[in-house]
Amino acid sequence: MPAWAGALAGLVSGGVALGIAQLVAGFVGPETFPVVAVGDATVDLTPAPVKDWAIRTFGENDKAVLLGGVLVVLAGIAALIGVLARRRLAYGVAGLAAFGAVGVFAVLTRPDAGGILDTLPTLAGAAAGAWALSWLVRRAAGVRGSRTTAASSRTGEHSSQTTASEGGGAGPDGPDGAAERDRLVELDRRAERPAVMRSGADLRAFDRRRLLTGVAGGVVVAGAATVLGRQFGGRQAVDTARAGVALPRPATPAKPIPTGANLGINGLSPFITPNQDFYEVHTALVLPQVDPREWKLRIHGLVDRPVEITYADLLRMPLTEADVTLTCVSNEVGGGLVGNARWLGVRMADVLRQAGLRADADMLLSTSADGFTCGTPADVVMDGRDALFAVAMNGEVLSVNHGFPVRQVVPGLYGYVSATKWVVDIKVTRFDRDEAYWTPRGWSAKGPIKVQSRIDVPKSGDSLKAGRTTIAGVAWAQHTGIDAVEVRVDRGEWRQARLAEVPGPDTWRQWSIDWDATAGEHMLQVRATDAAGRTQTEQEAPPAPDGATGWHTLTVRVA
Ligand SMILES: Nc1nc2c(c(=O)[nH]1)N[C@H]1C(S)=C(S)[C@@H](COP(=O)(O)O)O[C@H]1N2
Ligand SMILES: [Mo]
């Protein structure tokens, strides 16, 4: 059996293993699919600089790239296992077992690991893979039941005739007859070892046709199991539940958006970011599928009385609607990890007051359904701002990507310390006692948003016509508000930009300025000043540990 055949058998067996694992994970829970668990562990173990590099390089595709990478490595190992299995099937089975062990370890060490049942997808997958591998290797080696071995014992030499006769149309359970088979089994037993277990010289029964039909069967099994597993994966149940949610009217509606909030300039970010364009950041590889009927939020720790509320409880409370701009601490100067939406939710303070925060508590350690944690200063949430347990975004029930059924939104804080999606638990605690997900990974425990501004038009590298043109963009300093935006060309005088209207201090603010562009290459720069009089620093800092600083600077060509 040539090496390519072994590799192919290994690959397909690996596919069967993953397919069956996916199928079982469809019932046990999609996060118990071992590839996801291994991928999650990889994310957690990756050093912060590498992670930052991946986010910068691959942006929102970083998860796909990681999963792709894990799959490529798995495929390589599976092929190798197949090659080894040609020598001795036991090597192949041992390889798959080792694989399974890594999967079991990854599944059990997840932060949101359940019980021993979580290992079922991995174990079932590894077993199915081992079975598929031995089946394929036997097929490829011309072992058909026991016939090939028997044939070789009869003729003393191997079996191109056997292959030929098989090619003649008798199927795997062709018209040999039971008696004949029994006789062959007996002969085989006397031969003591099945052909596949023999090494080297006496293994010449490579049967390409039977290998390839087996491979085709394996591919079908792997594909069907994968598709079925995903279907069962609960996605549909959650989609249906999501479609069935009736959003109550807000007790406190948002102020209407001022007509002057949108300057209506081509290429300028709209005041409200449409949901499908809203940036997404999460550590989860597979989004948690949380059924709102089973959702509960538990509040405990330094409280007078722990409380537990359901989704129905939450929707019965008075709802507040608020326009709030969300920003990611990983956003580079000029970057796109910022968006503005109209959120609908219950004020976090209202829910927390039911529990009663103790005086010594200063941190709300929230946990999401996928185990991600987030530490939010309690005083910020309780100070009267629109810090929400949000259930809707821009008039639509939250999408799963943005945290369905419930996520936090806190104006003024970067997302990693405030915006927990799929939130299910809040431990009221202290910053000197607890740490959230990103803190030991090189990010600051507290993350107030820094005043920032961005040029949206023109784009860096654009070629413009000489003459009057418009420079425009957005600026933000959530919960303080933007008071001024200035622009300068080629390090000349700073000129005041025109500011759009805003409904309040919690959103970004559009700005624009006219410019008489002259021929040549020009450098454009912007800086904002917040309502507390703080002007953006020119000092450049990277996103880690607490947010990038510097002035957005770009170059355009004018002809
Ligand atoms: N469960 C969970 N919630 C999370 C995160 C996460 O990784 N997991 N990332 C946070 C970060 S870093 C940001 S910037 C915001 C992004 O919210 P969005 O994806 O809705 O834009 O979500 C926050 N909430
Ligand atoms: Mo973020």
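Since this is a predicted model, take the numbers as computed values, not measurements.

> Please explain helix H4 (residues 62-87) as it appears in this structure.
An α-helical segment advances 3.6 residues per turn. Residues three or four places apart therefore align on the same side. In this model H4 runs 39 Å from its N-terminal to its C-terminal C-alpha over 26 residues, within 8% of the 38 Å that 1.5 Å per residue would give. Against helix H1 (3-28), helix H2 (34-45), helix H3 (48-58), helix H5 (89-108) and helix H6 (120-140) lie the buried residues of H4.

> I'm lost on the pattern of salt bridges in this one. Help?
If charged atoms from side chains of opposite charge come close, those side chains can pair. For the structure shown, the criterion picks out 19 salt bridges. The partner of Arg468 in a salt bridge is Asp516, and the shortest N-O contact between them spans 3.2 Å. Remark: Asp516 occurs in strand S17 (residues 509-517) and Arg468 occurs in strand S13 (residues 467-476); sequence separation between them is 48 residues. The partly exposed category is assigned to Asp516, whose relative accessible area is 47%. The salt bridge partner of Glu486 is Arg527, with a shortest N-O separation of 2.8 Å. Of this pair, Glu486 sits in strand S14 (residues 482-489) while Arg527 sits in strand S18 (residues 520-530), and the two are 41 residues apart along the sequence. For Glu486, a relative accessible area of 11% translates into the label buried. With a relative accessible area of 17%, Arg527 lands in the buried category.

> Mind showing me how you'd approach a nonpolar patch on the surface here?
A cluster of nonpolar side chains, contributed by Val50, Trp53, Phe58 and Val65, occupies part of the molecular surface with about 340 Å² of accessible area. Per element, the largest residue contribution to the nonpolar patch is three residues, and it comes from H3. Counting through the fold element by element, Val50 comes out in helix H3. The exposure class assigned to Val50 is partly exposed, which follows from its relative accessible area of 41%.

> I'm lost on the site of ligand 1 in this one. Help?
Taken together, 19 residues lie around ligand 1, and Tyr279, Thr283, His402, Arg407 and Lys421 are the ones closest in. Contacts to ligand 1 include Ala419, whose backbone N or O atom sits 3.0 Å from a nitrogen atom. Relative to its unbound accessible area of 530 Å², ligand 1 is 99% covered by the protein chains. Here the shell around ligand 1 is built from residues that sort into nine nonpolar, six polar and four charged.

> What's the story with the environment of Lys427 in this structure? I'm lost.
Among the secondary structure elements, Lys427 is positioned in strand S10 (residues 423-429). Judged by relative accessible area, which is 30%, Lys427 ranks as partly exposed. Remark: the alpha-carbon pair of Lys427 and Thr367, spanning 60 residues in sequence, is separated by 8.2 Å. Apart from the residues lying within four places of it in its own chain, the contact partners of Lys427 are His300, Met363, Leu364, Leu365 and Asp434. Here Asp434 takes part through its side chain, which lies 2.9 Å from a polar atom of the side chain of Lys427.

> Please clarify how the packing of aromatic side chains should be interpreted in this entry.
Between two aromatic rings, the relevant description is the distance of the centres plus the angle of the planes. Inspection of the entire model under this criterion finds 12 aromatic pairs. With centroids separated by 5.5 Å and ring planes inclined at 20°, the aromatic side chains of Phe278 and Tyr279 adopt a geometry described as stacked. Both residues of the pair, Phe278 and Tyr279, belong to the buried class. Aromatic side chains Tyr437 and Trp438 sit 4.9 Å apart centroid to centroid with 80° between the ring planes, which places their arrangement in the edge-to-face category. Of the aromatic side chains, those joined through ring pairs into one cluster are Phe372, Tyr416, Tyr437, Trp438 and Trp443. The ring of Tyr437 carries the charged tip of Arg441 above its face, separated from the ring centre by 3.8 Å. It is Lys446 that lies over the ring of Phe431; its NZ or CZ is 4.6 Å from the centre.

> Just checking my understanding: could you explain unusual backbone geometry for this structure?
Glycine aside, negative phi is the norm for most residues, and most peptide bonds take the trans geometry. A cis geometry characterises the amide bond from Phe404 onward to Pro405, with omega recorded as 5°. Examined against the element boundaries, Pro405 turns out to sit in the loop between strand S8 (396-397) and strand S9 (407-409). Of note, the bond from Ala544 into Pro545 is cis; its omega dihedral lies within 30 degrees of zero at 5°. For Pro545, the location among the structural elements is in the loop between S18 and strand S19 (552-558). Its identity as a non-glycine residue notwithstanding, His479 has a phi of 70°, on the positive side. With a relative accessible area of 31%, His479 lands in the partly exposed category.

> Can you help me understand the sheet that holds S18 in this one?
Strands belonging to one sheet form pairs held by backbone hydrogen bonds; the direction of such a pair is parallel or antiparallel. Spatial ordering of the open sheet is given by S12-S19-S18-S14-S15, a layout of five strands whose pairing is mixed. Both edges of this open sheet fall to strand S12 (463-464) and strand S15 (495-496), since each of them pairs with a single strand only. Bridge analysis of S14 against S18 gives seven bridges, and the strand direction is antiparallel. Within S18, the position partnered with Val489 by the bridge is Leu524.

Calculation criteria
- Residues numbered from 1 in each chain as written.
- Chains lettered and ligands numbered in written order.
- Predicted model: local features only at pLDDT ≥ 70, side-chain atom pairs only at ≥ 80, totals over all residues.
- Heavy atoms only, no water.
- Helix = DSSP H or I, 4+ residues; strand = E, 2+ residues; numbered from the N terminus.
- Expected span 1.5 Å × (residues − 1).
- Contact = heavy atoms within 4.5 Å.
- Salt bridge = Lys/Arg side-chain N within 4 Å of Asp/Glu carboxyl O.
- Buried < 20%, exposed > 50% of the residue type's maximum accessible area, 1.4 Å probe, protein only.
- Patch = residues over 30% accessible without salt bridge, like charges linked within 9 Å, V, L, I, M, F, W, Y side chains within 5 Å.
- Areas by Shrake-Rupley, 256 points an atom, 1.4 Å probe, with all protein chains shown as cover.
- Near = heavy atom within 4 Å.
- Polar contact = N/O pair within 3.5 Å; in protein donor to acceptor, adjacent residues only side chain to side chain.
- Nonpolar A, V, L, I, M, F, W, Y, C, P; charged D, E, K, R; others polar.
- Phe/Tyr/Trp six-rings, centres within 6.5 Å; stacked < 30°, edge-to-face > 60°.
- Lys NZ or Arg CZ within 6 Å of the ring centre and 35° of its normal.
- Pairing = 2+ DSSP bridges.

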